[in-house]
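# A structural walkthrough
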Amino acid sequence: MKLLITGGAGFIGSHVVRLFVTKYPEYQIYNLDKLTYAGNLANLADIEDAPNYTFVKGDITDAKFLEDMFAEIPFDGVIHLAAESHVDRSITDPMSFVLTNVVGTVNLLNAAKNSWQNSETAGGAHAFEGKRFYHVSTDEVYGSLHNPDEFFLETTSYDPQSPYSASKAASDHFVRAYGNTYKMPVVLSNCSNNYGPNHFPEKLIPLMIHNIQTNKPLPVYGKGENVRDWLFVVDHARAIDTVFHKGVLGETYNIGGFNEWKNIDLVHLLCATMDRKLGRPEGTSAQLITYVTDRAGHDLRYAIDANKIMTELGWEPSLQFEEGLEKTVDWFLANQEWLDNVTSGAYQTYYKGMYTNR
Ligand SMILES: Cc1cn([C@H]2C[C@H](O)[C@@H](COP(=O)(O)OP(=O)(O)O[C@H]3O[C@H](C)C(=O)[C@H](O)[C@H]3O)O2)c(=O)[nH]c1=O
């Protein structure tokens, strides 16, 4: 099995690459990543010399590059994670989300389709036999929930609200369209918010950890009433392994931990955890909480119904949230150099600008 994983140097991608490289020594894993600001090969330092692992630097918006790569390497499968993922950035720069998430996904579909249809052993209806194109997506495509009894199901209509979620919804539609039109063997999953090691500190949990450590304000958008459903990233990687190997072609699987938190409650839990870990008096970090102007078009609540993947494919989360959060905080405290590296330079200018503009 020659398996292409895109976006493998990013947060979720790095956990997927590590899992596949270590669990499937008989597979050849190719990690294609552009190494944008959020891609970091340090995330994979422990497996970079594995004999079944190859890193390829490249950009999925470059169709020619992808066609050449697929001509050179006969991939059997693709797990596509490469994406621009930060909602706030999508509000200030929607076009980069269109390019990477929509154009990049269609380029990848074309490259896979063309190479699989043209391969010598393939032909006619059998062109796609043994092949699999897996698109890893987000629950944000379903929009925002307002009724506490409602959950996102695989059958929930798409209603994306941000430029980011619109770009992911479009890419999901393209993947399904290629499955329908060209009979490509596709499978999709839509996951809730992830957290854990390697999380880039533009997202809520690592940003708060970083700001608590450095005694900076903790910017809570609006009143902090928005709700997110959090899943430990390693459990998401396990779910991706499950969907890739057991998922039924043409199907979509929602992934989540049935673990909803109001932002402000989560920030308080993080403050208490950090006070304890840093030996600060209780209540110290919470004094840094600062309510700031709300995110434009801020989705109120995401909540995933993950029953389909649990009952049909047998996946379930392995960690309770409190345990996962402890592990995450411990990882950030033990990896100060990682955090210092990713928060130097352009990060300072970008985030200072974001908060002073609010
Ligand atoms: C960065 C930040 C965020 N927030 C709020 C905004 C959200 O209600 C919540 C989480 O925000 P974050 O940007 O970490 O994540 P989401 O906007 O929920 O989106 C994330 O989860 C989905 C599934 C993806 O698909 C996205 O790729 C991923 O980024 O905290 C704040 O209050 N302050 C802050 O400084």
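In this report, we go over the structure that sits alongside the text. (Residues numbered from 1 in each chain as written. Predicted model: local features only at pLDDT ≥ 70, side-chain atom pairs only at ≥ 80, totals over all residues.)

## Remarks on the overall build of the protein
- Counting its regular elements, the protein contains twelve helices and twelve strands.
- Computed over the C-alpha atoms, the radius of gyration of the protein is 20 Å, within 12% of the 21 Å expected from 2.2 N^0.38 for a compact globule of 358 residues.
- Once the C-alpha set of the protein is aligned to its principal axes, its extents read approximately 70 × 45 × 40 Å.
- Here the protein holds 358 residues, and 44% of them are scored as buried. (Helix = DSSP H or I, 4+ residues; strand = E, 2+ residues; numbered from the N terminus. Rg over C-alpha atoms; globule rule 2.2 N^0.38 Å. Buried ≥ 20, exposed ≤ 12 C-beta atoms within 10 Å, placed from the backbone.)

## Side note on the packing of helix α6 (residues 204-213) against helix α8 (residues 263-278)
- For the pair α6 and α8, interaxial distance at closest approach is 10 Å and the crossing angle is 40 degrees. One finds that α6 runs oblique with respect to α8. Note on packing geometry: the crossing formed by α6 with α8 is right-handed. Between α6 and α8, the contacting residues are Leu-204, Ile-205, Met-208, Ile-209 and Ile-212 on the first element and Asn-263, Val-267, Leu-270, Cys-271 and Met-274 on the second.
- Residue composition of the contact of α6 with α8, grouped by class: nine nonpolar, one polar and no charged. (Axes fitted to C-alpha atoms, helices over the stretch in contact; angles between N-to-C directions. Parallel < 35°, antiparallel > 145°, perpendicular 65-115°, else oblique. Left-handed = near helix turned anticlockwise from the far one by under 90°. Contact = placed C-beta atoms within 7 Å. Nonpolar A, V, L, I, M, F, W, Y, C, P; charged D, E, K, R; others polar.)

## Some thoughts on the environment of Leu-145
- Considering the arrangement of structural elements, one finds Leu-145 in the loop between β5 (132-138) and α5 (163-182).
- Note: C-alpha distance between Leu-145 and Leu-300 (155 residues apart in sequence) is 6.4 Å.
- Not counting chain neighbours up to four residues away, the residues in contact with Leu-145 comprise Glu-150, Leu-300, Arg-301, Tyr-302 and Ala-303.

## Quick word on the site of the ligand
- Not every one of the 18 residues close to the ligand is listed here, only the nearest: Ser-85, Thr-138, Lys-203, Leu-204 and Tyr-221.
- No other element matches strand β8 (residues 218-221), which puts three residues into the shell around the ligand. (Near = placed C-beta within 6 Å.)

## Some details on the sheet that holds strand β4 (residues 77-80)
- Sheet architecture is open: seven strands sit in the order β3-β2-β1-β4-β5-β6-β10, paired in parallel fashion. Strands at the two margins of the open sheet, each flanked by one partner only, are β3 (53-57) and β10 (252-255). Direction aside, the axes of adjacent strands within the sheet are offset by 20 degrees on average.
- Sheet topology places β5 next to strand β6 (residues 186-191); six bridges connect them, and they run parallel. Each bridged residue has a counterpart across the sheet, and for Tyr-134 the counterpart in β6 is Val-187. (Pairing = 2+ DSSP bridges.)

## Details of the nonpolar core
- Ile-5, Val-16 and Ile-79 are the most contacted members of the largest nonpolar core, which has 82 residues in total.
- Of the residues forming this core, the biggest block, seven residues, is contributed by helix α7 (residues 233-246).
- Setting aside its immediate chain neighbours within four residues, Val-16 contacts Ile-5, Gly-8, Ile-79, Leu-81, Ala-237 and Ile-240. (Core = buried A, V, L, I, M, F, W, Y, C linked by C-beta atoms within 7 Å.)

## Let's talk about the sheet that holds strand β9 (residues 227-232)
- Reading across from one edge, β7-β9-β11 is the order of the three strands in this open sheet, with mixed pairing throughout. Every other strand in the sheet has two partners, leaving β7 (193-195) and β11 (260-262) as the edge strands with one partner each. Direction aside, the axes of adjacent strands within the sheet are offset by 50 degrees on average.
- Across three bridges, β9 lies against β11 in antiparallel orientation.

## Focus on the environment of Glu-260
- Secondary-structure assignment places Glu-260 in strand β11.
- Distance in space between the C-alpha atoms of Glu-260 and Asp-229 is 4.2 Å, their sequence separation being 31 residues.
- Apart from the residues within four sequence positions on either side, Glu-260 is in contact with Val-227, Asp-229 and Ala-303.

## Here's the deal with the pairing of strand β2 (residues 28-33)
- The element β2 is largely enclosed, with a buried count of five among its six residues.
- Across five bridges, the pairing between strand β1 (residues 2-6) and β2 is parallel. Paired with Leu-4 across the strands is Tyr-30, a residue of β2.
- One crossover worth recording links β1 to the parallel β2 by way of helix α1 (residues 11-23), and it is right-handed. (Right-handed = clockwise from strand over helix to strand, strands pointing away.)

## Points about α1
- Compared with the 18 Å implied by 1.5 Å per residue over 13 residues, the 19 Å span of α1 between its first and last C-alpha is a close match.
- Most of α1 sits inside the fold, with ten of its 13 residues counted as buried.
- Those residues of α1 lying buried are Phe-11, Ile-12, Gly-13, Ser-14, His-15, Val-16, Val-17, Arg-18, Phe-20 and Val-21.
- The inward-facing, buried residues of α1 contact β1, β2, β3, β4, β7 and α7. (Expected span 1.5 Å × (residues − 1).)

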